Amino acid sequence: RLEGESGEDANATWTRFLTQFFGDQTEHIERKLSAELDIKELDDLLYLDSNELSQVCTTLDLSFVQSKNFKKAIGRMKPLPLIVTISSQERAMLQEVDTAFEQTIDIQQRLRSHVQSMESHIATTQAQIDRHFGELIDALQKRKESLHQSLIAWKSSKAEQISVNIKHGASYHTELKALKHAVQALLGDTAVDDREQKMKTMVEKVMQQNVHSSHVHNYLSKNAKMVGVTFTDEIDVNMVASYGEFKETVELKAEPQIVMSDVELK
């Protein structure tokens, strides 16, 4: 709005100004300036600098010649600056204000740049964390699977050994049973000469096949073992692949005291 103009006069001046440039497109241009740039009167244009006026021309899709004439018209309507004589102290104060003004712009730009750098850095760091823990979890998963496989292999091997021992023991039990019947029959035969020597020969023939005699507990100590895994309270991440100590332990619920001839069990 020009100095001394009323609201209606200002609107009329605004419309006349647009009409001289845009003719029958004035109404469309006026709506576009208001909606996209919030420019609703001539006074809004008079306070724009050269760069801002260039942005207006770009928004309106003006040609080079149209832009030049448009800017020239606006420039002619701007009031001439007053020439004021200022003191050196006033000039120093203005310089101080200008410097502070430029510094605030620089600070804002630096802070915005820092925010962008921070966002990028956080994303990179999160990816590093995910990768590190992913590798650690993978290593722990592989170690868990390795321990499971060790348990299964130990169980299979132990079951096979026990099966062989059971068969061997059953065979020896059958021989002892037959020996028992043979000895009882020999004792019941009163007509046999040198019975004691014959019994000794029969017993030694069977018993000599199993020359080792020990407590059942000793046998179980060698064969009736369980397996376990122990874990330390602390772990070095570089040792994850070997975390958990796999070892056999003797685990007897009772200590048998029966003495028997032990077979060469394997």
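Residue indices begin from 1 for each chain and proceed along its sequence in written order. Owing to the predicted nature of the model, reporting of local features is limited to residues with pLDDT of at least 70; listing and counting of side-chain atom pairs is limited to 80 or more, with chain, interface and lining totals taken over all residues. Excluded from the side-chain calculations are hydrogens and water; all other atoms, namely the structure's heavy atoms, are used.

**Focus: unusual backbone geometry**
Here comes step 1: Its identity is not glycine, yet Asp38 carries a phi of approximately 55°, on the positive side.
Here comes step 2: Here Asp38 lies in the loop between α2 (26-37) and α3 (42-46).
Here comes step 3: Residues other than glycine seldom take positive phi values, yet Asp194 does so here, at roughly 55°.
Here comes step 4: Each helix is a run of DSSP H or I of at least 4 residues and each strand a run of E of at least 2, with the numbering of both proceeding from the N terminus. Among the secondary structure elements, Asp194 is positioned in the loop between α6 (88-187) and α7 (195-207).
Here comes step 5: Given the relative accessible area of 53%, Asp194 is considered exposed. Only protein chains enter the accessibility calculation, which uses a 1.4 Å probe; a residue is then buried when its area is under 20% of its type maximum, exposed when over 50%, and partly exposed in between.

**Let's talk about helix α5 (residues 64-77)**
For an α-helix, the turn length of 3.6 residues means that residues three or four places apart are oriented alike.
Here comes step 1: What a helix is expected to span follows from its residue count: subtract one and scale by 1.5 Å. The first and last C-alpha atoms of α5 sit 20 Å apart over 14 residues, in line with the 20 Å expected at 1.5 Å per residue.
Here comes step 2: By the burial criterion, the buried members of α5 are Ser67, Phe70, Ala73 and Ile74. On an axial view of α5, the arc spanned by its buried residues comes to 130°, and they lie on one face. Among the exposed residues of α5, those oriented more than 90 degrees off its buried face are Phe64 and Arg76. Directions are taken from the helix axis to each C-beta atom, and the arc is the one they span.

**Some points on the pattern of salt bridges**
Here comes step 1: Each reported salt bridge corresponds to a side-chain nitrogen of Lys or Arg within 4 Å of a carboxyl oxygen of Asp or Glu. For the structure shown, the criterion picks out four salt bridges.
Here comes step 2: We note a salt bridge from Arg31 to Glu27, for which the minimum N-O separation is 3.2 Å. Of this pair, Arg31 and Glu27 both sit in helix α2, four residues apart, which is roughly one turn of the helix.
Here comes step 3: The partner of Asp61 in a salt bridge is Lys32, and the shortest N-O contact between them spans 3.9 Å.

**What about the packing of aromatic side chains?**
Here comes step 1: We call Phe, Tyr and Trp rings a pair once their centres come within 6.5 Å, taking the six-membered ring for Trp, and we label the pair stacked below 30 degrees between planes, edge-to-face above 60, and tilted otherwise. This structure, assessed with the given rule, holds two aromatic pairs.
Here comes step 2: Measuring from ring centre to ring centre gives 5.8 Å for Phe17 and Phe70, while their planes differ by 50°; the resulting arrangement is tilted. A residue pair is termed long-range when its members are at least 10 positions apart, and Phe17 in helix α1 (residues 7-22) and Phe70 in helix α5 qualify at 53 residues.
Here comes step 3: In this structure Phe17 comes out as buried when scored by relative accessible area, which is 3%.
Here comes step 4: Take Phe70: its relative accessible area is 0%, and that puts it in the buried class.
Here comes step 5: Geometrically, the ring pair formed by Phe22 and Phe70 is tilted, given 6.2 Å between the ring centres and 50° between the ring planes. Residue Phe22 is located in helix α1, and its partner Phe70 is located in helix α5; the two are separated by 48 residues in the primary sequence.

**Overview of the packing of α6 against α7**
Here comes step 1: Where α6 meets α7, the closest approach of the two axes is 10 Å, and the angle between their N-to-C directions is 175°. Classed by the angle they form, the pair α6 and α7 counts as roughly antiparallel. Taking contact as the criterion, the partners of Tyr172, Glu175, Leu176, Leu179, Ala182, Val183, Leu186 and Leu187 in α6 are, on α7, Arg195, Lys198, Met199, Met202, Val203, Val206 and Met207.
Here comes step 2: Per-class residue counts for the contact of α6 with α7 are twelve nonpolar, no polar and three charged. Angles here are taken between N-to-C directions and fall from 0 to 180 degrees, while the axes themselves are lines fitted to C-alpha atoms, restricted in helices to the stretch in contact. These descriptions rest on fixed angle ranges, namely under 35 degrees for roughly parallel, over 145 for roughly antiparallel, 65 to 115 for roughly perpendicular, and the rest for oblique. Contacts: residue pairs with any heavy atoms within 4.5 Å of one another. Lys, Arg, Asp and Glu make up the charged group, whereas Ala, Val, Leu, Ile, Met, Phe, Trp, Tyr, Cys and Pro make up the nonpolar group; the residues left over, Gly among them, are polar.

**As for the nonpolar core**
Here comes step 1: To define a nonpolar core, start from buried Ala, Val, Leu, Ile, Met, Phe, Trp, Tyr and Cys residues and group those joined through side-chain atoms within 4.5 Å. Trp14, Phe17, Leu33, Leu45, Phe70 and Ile74 are the most contacted members of the largest nonpolar core, which has 19 residues in total.
Here comes step 2: When residues of this core are assigned to their parent elements, the largest contribution, four residues, is made by α1.
Here comes step 3: Apart from residues lying up to four places away in sequence, Phe70 is in contact with Phe17, Phe21, Phe22, Leu45, Val56, Cys57 and Leu62.

**Some details on the confidence of the model for the protein**
Here comes step 1: On a range of 0 to 100, pLDDT expresses the predictor's confidence in each residue. With 80% of its residues at a pLDDT of 70 or more, the protein has an overall mean of 77.
Here comes step 2: Contacts for the low-pLDDT stretch residues 252-266, under 50 throughout, to residues beyond four places or in other chains number 35 contacts.

**Side note on the environment of Ser242**
Here comes step 1: Structurally, Ser242 is set in the loop between β2 (225-230) and β3 (245-250).
Here comes step 2: Under the relative-accessibility criterion, Ser242 is labelled partly exposed at 42%.
Here comes step 3: Sequence separation between Ser242 and Arg143 is 99 residues, and the spatial gap between their C-alpha atoms is 6.9 Å.

**A word on a nonpolar patch on the surface**
Here comes step 1: To count toward a patch, a residue needs a relative accessible area above 30% and no salt bridge. Like charges then connect within 9 Å, nonpolar side chains (Val, Leu, Ile, Met, Phe, Trp, Tyr) within 5 Å. Accessible surface is estimated by sampling points in the Shrake-Rupley manner with a 1.4 Å probe; for residues, cover comes only from the protein chains shown. A surface patch of nonpolar side chains, about 240 Å² in accessible area, is lined by Val115, Met118 and Ile122.
Here comes step 2: Counting through the fold element by element, Ile122 comes out in helix α6.
Here comes step 3: Taking relative accessible area as the criterion, Ile122 reaches 41% and is therefore assigned partly exposed.

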